[in-house]
Amino acid sequence: MDDQLPQDSSKREEERVLPPRTIHPFSPEVLAPLLPSAMFGLLARLGLEALATYNGQSIFPLAYPQAVGCLIMGFCRASISGYTPLLIALTTGHETGFCGSVTTFSGWQMDIFESWLNSQNASRGPLRDVVDGLTKSVYTISISLASLLFGHYLGSSFTFAVPHPPRVLRISISLLSILLYAAAFPLYFRLSPSFRHQATSALLFSAPGALMRYAISVKLNIAGRIPLGTFIVNTLGTALLGIFHVLQRLNVNSDACTTLQGLSDGYCGCLTTISTFAVEITVLKGRKKWVYSVGSYITAQLLLLVIIGPALLSGVHENNHCTFEH
């Protein structure tokens, strides 16, 4: 993790690692690109995971959305520059909304924790459980950083000039974005209940998760210091995911089970992020990057141990998953 982004752009990257403070998190300029971007990011993550889940798979499915999100993040950060209001809004949409929702820190941590537990009851010993967890740990952070740097390399060859649209067009796009998110509610009720645990329930919670991540980052992240905002949302989202994980293994009805799955995939998945986490690791210098990265990892795993461990000791079975709606 000592590799930095190209030196000629390191200063710009350090300045851009924080969300711009010139636009309020709940202003239309932020909501317009953030709401639909978070939804599309969530759908991209779920789609990539579904595509990569098959018998005989060589790589765990979550690795694909982590790599794709970081690749797009690196490309856009290298190819787009400037701080005009429109550009800030678009940057918020694709970085915080799309890339931040494609990637997920909480899902990564839960995937690792389930490897320690051997939740799939694979025919292997405790040593292989440790190896499996370490593989997901090292591979995910490696492919995320590599994809970020590769995307930055590709994007450095392009420069995008974003024209400033008229006010009427900006207002129209803002209204369309809000209506697009609002459409998730009738989709939830009109489509078959079997789609709810797969996507439609998560869509309802995707934008609130991404918006909270943005708001906390704007408030707490300070340039040159360990990004407290990102640390809080990543650890908070991991803790919530652990709670939802336990609740799904209790005797809950199908409606509650579906809602918990939506909160896990949508809210926790979009509240936490690997793409921003990877950018911050490349920007932080010296001991800070190790304190931040290792500290985030250990804190998240300890939270899952504190939340899930007592539940397992009290008789909750890892494989006793609740039933979804059909």
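## Regarding the overall build of the chain
Right, so step 1: Looking only at helices and strands, one finds 13 helices and 0 strands in the chain.
Right, so step 2: The order of α-helices and β-strands along the chain, N terminus first, is α-α-α-α-α-α-α-α-α-α-α-α-α.
Right, so step 3: Here the chain holds 326 residues, and 51% of them are scored as buried.
Right, so step 4: Pairs at least 24 residues apart make up 84% of the contacts formed inside the chain by residues separated by at least 6 positions.
Right, so step 5: Surface summary for the chain: the accessible area is close to 15,400 Å², and the carbon and sulfur share equals 68%.

## Quick notes on unusual backbone geometry
Right, so step 1: A positive phi angle is found at Asn-118, which is not glycine, with a value near 55°.
Right, so step 2: With respect to the element layout, Asn-118 can be found in the loop between helix H5 (105-117) and helix H6 (126-155).
Right, so step 3: A relative accessible area of 11% means that Asn-118 is categorised as buried.
Right, so step 4: For Asn-121, which is not glycine, the phi dihedral falls at a positive 55°.
Right, so step 5: Tracing the backbone shows Asn-121 in the loop between H5 and H6.
Right, so step 6: When its relative accessible area of 55% is taken as the criterion, Asn-121 is described as exposed.

## Side note on the environment of Ile-226
Right, so step 1: Note on placement: Ile-226 falls in the loop between helix H9 (196-220) and helix H10 (228-247).
Right, so step 2: Relative accessible area serves as the criterion here: at 32%, Ile-226 is assigned to the partly exposed category.
Right, so step 3: Between the C-alpha atoms of Ile-226 and Glu-280, which are 54 residues apart in sequence, the distance is 8.4 Å.
Right, so step 4: What Ile-226 contacts, discounting residues up to four positions off in sequence, is Leu-284, Lys-288, Val-291 and Tyr-292.

## Some words on the pattern of salt bridges
Right, so step 1: Going through the model one piece at a time under the given rule, you end up with 6 salt bridges.
Right, so step 2: Residue Asp-129 is joined to Arg-124 by a salt bridge in which the shortest nitrogen-to-oxygen separation is 2.5 Å.
Right, so step 3: The class of Asp-129 is buried, set by a relative accessible area of 11%.
Right, so step 4: By relative accessible area, Arg-124 is classed as partly exposed at 29%.

## Brief notes about the confidence of the model for the chain
Right, so step 1: Overall, the predicted model of the chain reaches an average pLDDT of 87, with 88% of residues at or above 70.
Right, so step 2: Highest mean pLDDT in the chain belongs to H10 (97); lowest belongs to helix H1 (residues 10-16) (49).
Right, so step 3: Below pLDDT 50 for its whole length, residues 6-12 participates in 6 contacts with residues either more than four positions away or in separate chains.
Right, so step 4: Note that residues 18-22 has pLDDT below 50 and, in this model, 14 contacts with residues that lie over four places away or in other chains.

## Considering the packing of H6 against helix H12 (residues 275-283)
Right, so step 1: Viewed as axis vectors pointing N to C, H6 and H12 meet at an angle of 75°, and their least axial separation amounts to 10 Å. Comparing the axis directions of H6 and H12 gives the class roughly perpendicular. Counting all contacts with H6, which are made through Ile-141, Leu-145 and Leu-148, the residues of H12 involved are Phe-277, Ala-278, Val-279, Ile-281 and Thr-282.
Right, so step 2: Here the residues of the contact of H6 with H12 sort into 7 nonpolar, 1 polar and no charged.

Reading the values: the criteria
- Residues numbered from 1 in each chain as written.
- Predicted model: local features only at pLDDT ≥ 70, side-chain atom pairs only at ≥ 80, totals over all residues.
- Heavy atoms only, no water.
- Helix = DSSP H or I, 4+ residues; strand = E, 2+ residues; numbered from the N terminus.
- Buried < 20%, exposed > 50% of the residue type's maximum accessible area, 1.4 Å probe, protein only.
- Contact = heavy atoms within 4.5 Å.
- Areas by Shrake-Rupley, 256 points an atom, 1.4 Å probe, with all protein chains shown as cover.
- Salt bridge = Lys/Arg side-chain N within 4 Å of Asp/Glu carboxyl O.
- pLDDT = per-residue confidence, 0-100.
- Axes fitted to C-alpha atoms, helices over the stretch in contact; angles between N-to-C directions.
- Parallel < 35°, antiparallel > 145°, perpendicular 65-115°, else oblique.
- Nonpolar A, V, L, I, M, F, W, Y, C, P; charged D, E, K, R; others polar.

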